[in-house]
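Tertiary structure, described
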Amino acid sequence: MIRAAALLTLVAACGRPWVPVATEADAARTNTALGDLQRGRELLIGNCSGCHLTPSPRDHRAADWPNEVAEMRERSKLTADEVALITQYLTAFADQR
Ligand code: HEC
């Protein structure tokens, strides 16, 4: 936990997008399976980083992420399941508005 926090601070300091690693606390907070959040993060980094920097959950409000990901879906050739996991991850760490 402490190492992850230090790493996040480092990444933020370098000006890279904030793409946090999900913890049990995040899974509990958002009522999702930890494995789903982790998979969503991997899919995001693996599929959404080629054309622009990896989108950060903080780039959009939680309520707006489903549409944002849907718009990008064709460009990334993702399945519906993969889109759902990416959306779940982004929403979990977005501003909850
Ligand atoms: C094949 C290239 C490509 C891939 C893959 C891609 N994007 Fe994009 N994305 C773009 C381009 C080009 C833009 C800017 C122009 C636009 O908005 O149409 C953009 C813009 C965005 C924006 C900003 C839109 C806004 O309203 O400011 C978000 C958010 C985004 N992408 C998320 C994603 C996500 C999430 C994925 C993975 C599911 C993804 N992108 C995959 C090309 C890509």
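This section reports on the structure supplied with the text. (Residues numbered from 1 in each chain as written. Predicted model: local features only at pLDDT ≥ 70, side-chain atom pairs only at ≥ 80, totals over all residues. Heavy atoms only, no water.)

1. Some words on the coordination of the iron atom of the ligand
The expected angle between donors at a tetrahedral four-coordinate metal is 109.5 degrees. At an octahedral six-coordinate metal it is 90 or 180 degrees. The protein atoms that coordinate the iron atom of the ligand are His52 (NE2) and Met72 (SD), at distances of 2.0 to 2.2 Å. Angles of 85 to 179° at the metal separate the six donor atoms of the iron atom of the ligand, which places the site in the octahedral class. One end of the pair, His52, is in the loop between helix H3 (34-47) and helix H4 (65-76); the other, Met72, is in helix H4, with 20 residues separating them in the sequence. On the accessibility criterion, Met72 (31% relative accessible area) is partly exposed. (Donors = N, O, S within 2.8 Å, 3.2 Å for Na, K, Ca; no water. Tetrahedral: all angles 85-135°; square planar, octahedral: opposite > 155°, others 65-115°. Helix = DSSP H or I, 4+ residues; strand = E, 2+ residues; numbered from the N terminus. Buried < 20%, exposed > 50% of the residue type's maximum accessible area, 1.4 Å probe, protein only.)

2. Some details on the site of the ligand
Every residue lining the ligand is accounted for by Asn47, Cys48, Cys51, His52, Pro55, His60, Trp65, Glu68, Met72, Arg75, Ser76 and Leu78. At a separation of 2.8 Å, a nitrogen atom of the ligand approaches a polar side-chain atom of His52. With five residues, the top contributor of residues to the shell around the ligand is H4. For the shell around the ligand, the class distribution of residues is six nonpolar, four polar and two charged. (Near = heavy atom within 4 Å. Polar contact = N/O pair within 3.5 Å; in protein donor to acceptor, adjacent residues only side chain to side chain. Nonpolar A, V, L, I, M, F, W, Y, C, P; charged D, E, K, R; others polar.)

Geometry only, nothing functional implied.
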